[in-house]
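An overview of the molecular structure
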Amino acid sequence: MCGIYASYSLKAEKKVFEGLKRIEYRGYDSWGVATLVDGKLLLKKEVGKLSDQKNFKFVESKLSLGHTRWATHGGVTKVNAHPHLAKNKSFALVQNGVVENYQKLKSELQSDGYNFISQTDTEVIVGLLEKEMELNFEKTLSTSVFIKVFKKLAGRNTVLVITSEGQLMTIRDGSPLVAGKNSQGEFYFSSDVLSMSPDAEKYMVIKSGEMAVFNSEDSSFSVLDIKTEQKIKTDFIPLEHKLDLANITMDIGKDSYESYMLKEIHEQSSMLPNVIRDSKPKFLMAAEMIKKAKQVFTLGCGSASYATGHTAYLLRKTGILTLAVEAYEADSYLELLNNDSKNSVCIVFSQSGETADTNEIVELMKAKGVKIISVVNMPGSTLTQLSDLSFMLQVGPELAVASTKAFLGHVLWGITISDIICGSKFNDLEIKINEFEYKLKEWFANKSIQNNIKNIAKKLTKCEHLFVLGRGNLYYASLESALKLKEISYIHAEGFSSGELKHGVIALISKDTPVLCLVAEDKNKANMLSAISEVKARGGKTIVIAKENNELYDNWIQLPDTNDYVFLSSVIPAQLITCFMAVEKGYDVDKPRNLAKSVTVK
Ligand code: F6R
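Described below are features of the structure shown in this document. (Residues numbered from 1 in each chain as written. Predicted model: local features only at pLDDT ≥ 70, side-chain atom pairs only at ≥ 80, totals over all residues. Heavy atoms only, no water.)

1. Focus on the site of the ligand
Inspection of the region around the ligand gives 14 residues, with S350, Q351, S352, T355 and E487 positioned closest. Contact between the ligand and K484: an oxygen atom at 2.9 Å from a side-chain N or O atom of the residue. Within the side chain of E487, one N or O atom sits 2.8 Å away from an oxygen atom of the ligand. When isolated, the ligand has an accessible area of 400 Å², and the protein chains bury 90% of it. The element that contributes the greatest number of residues to the shell around the ligand is helix α8 (residues 302-317), accounting for three residues. Taken together, the residues of the shell around the ligand sort by class into five nonpolar, seven polar and two charged. (Near = heavy atom within 4 Å. Polar contact = N/O pair within 3.5 Å; in protein donor to acceptor, adjacent residues only side chain to side chain. Areas by Shrake-Rupley, 256 points an atom, 1.4 Å probe, with all protein chains shown as cover. Helix = DSSP H or I, 4+ residues; strand = E, 2+ residues; numbered from the N terminus. Nonpolar A, V, L, I, M, F, W, Y, C, P; charged D, E, K, R; others polar.)

In structure tokens:
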């Protein structure tokens, strides 16, 4: 959701353009760059994708700032795209976040005679900066004016400015921002560390509440605390080393796959052991924290909340009372923290580590003394910095907007921690996960299973509604499967517990309604079979994802032979079906409409 890339280098505009392409996965609908040429800021903005620009002409310059916009306030138009240029042309500005009090600030500026040209909340920041510069008789933006204006903004915002004097100035209070440099004296800012890897050799995460200033005149760089306006000592960290530690591969290409999503689905058959690799001491520590806690919460959004929901389910099965909280519905749960917050633990899952809804609740919990255990996939992300104990998923970059391998990684983390709490030996779990990895590889390589899934997807392409039933161990798998179907192939898909069927949902089943049923070989199987019979009795068509076939099933998708990890294998068919359906319908699998990878605004 919105991305920033800035460069001080030879061919800076080209570098920015290429950098923006590496953060495309975050989701955007328009983009723009502001480049300093002979002391003037040159603005180029477009609606649509960077890749639509086949013959883009780059200007020669050493300083450039770019932005990809995911519209929140104001439609998808060229005018609303960032950067926004000051009326006196002394600076251009990009913003990630939402100025929550923009209506009040806007009407104040309007009564002062300020004329708005866009519908964005961003232009309010431009207007406030111009007004304050005028009051201070400033021709160029100073750090103190920037800080003063920034403090007037409500909400979580990250703002970066390029000035006609050759400065890049930023304040971060929300969305991530990383600074980078290399031995050729080049300097960069980006929304994520991975996108900077081809350009920078060292990096530094700008923390919330910090201002960073790069001056191209003398290549000086400084970081200030916006509370005290005093400089703070900071260090750049070697980038390669950090990426190695997080097992992030530098290969972010699609290989022979037609989409990143398909590639990432297939990678699930080889990345599972990474989730627990080298993490035995941390898992044992987390297990102790959870066992000792008086209250245990799990927290996340979207797919991550389904993975935490399943973890809470597993922990309850070990006898630990665990409350699964969707971050955007955390209000009433926060009241429970008044009793014994210091003895509470919250397990937080997030692929990006930057989800605003999640991080806001984590900050509130942390302030009350709750211990935070997080599992993320992005090194250096905000959530890792907020955590008492932080795990890296180590599944490699997930570039498709819809989460697949990070989701599976999170679920495996949840299964592993509950197995450890139940007394399993870590080494035995490593062996079990390796065995499962082997079975999953065989499953992906089985042409008849894969063709069956493709055929089923083809048949489903015309359907508008689809229901997914699961129960117990597979309840959250049904919710996640339905979410993947909605996000990528834009069909109305709903996940339910099969127990819910006769309490209302069955009213929706009529002739030929497709129903995806997730069946495990456990005590819920009998209930699932009854639900399948009830669906069939009303003319519905069942597609059953299970280890074994049954004459009741209209269609059967065979699963690998595993009980311990049945959740993991059960969601993969829906991931594949939605990918194949989207391709049939001509949709962009990796960048589904309206969605962003990193949801950094509330
Ligand atoms: C669905 C999906 C989203 C994310 C959610 C949280 O495919 O990707 O539902 O799971 O927005 O994002 P993270 O995991 O980055 O906190």
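2. Section: the pairing of strand β12 (residues 210-215)
Burial of β12 is extensive: six of the six residues sit out of reach of the surface. Here strand β8 (residues 167-172) pairs with β12 via six bridges, running antiparallel. Within β12, the position partnered with M169 by the bridge is V213. Looking at chain direction, β12 and strand β13 (residues 220-225) are connected through six bridges and run antiparallel. Bridged to V213 within β13 is S222. Turn length for the β12-β13 hairpin, with the two strands adjacent in sequence and antiparallel, is four residues, and the turn residue S219 shows positive phi of about 55°. (Buried < 20%, exposed > 50% of the residue type's maximum accessible area, 1.4 Å probe, protein only. Pairing = 2+ DSSP bridges.)

3. Thoughts on the pattern of salt bridges
Under the definition given, this model contains 26 salt bridges. One salt bridge in this structure joins K87 and E123, with 4.0 Å as the shortest N-O distance. In this pair, K87 is assigned in the loop between β5 (84-85) and β6 (91-97) and E123 in helix α3 (residues 122-135), connecting sequence segments 36 residues apart. Close ionic contact of K547 with D561 constitutes a salt bridge, the shortest N to O distance being 3.1 Å. Linking K547 in the loop between β24 (541-546) and β25 (555-558) with D561 in the loop between β25 and α18 (566-585), this pair joins segments that are 14 residues apart in sequence. Where salt bridges share partners, they join K15, R22 and D199 into one cluster. (Salt bridge = Lys/Arg side-chain N within 4 Å of Asp/Glu carboxyl O.)

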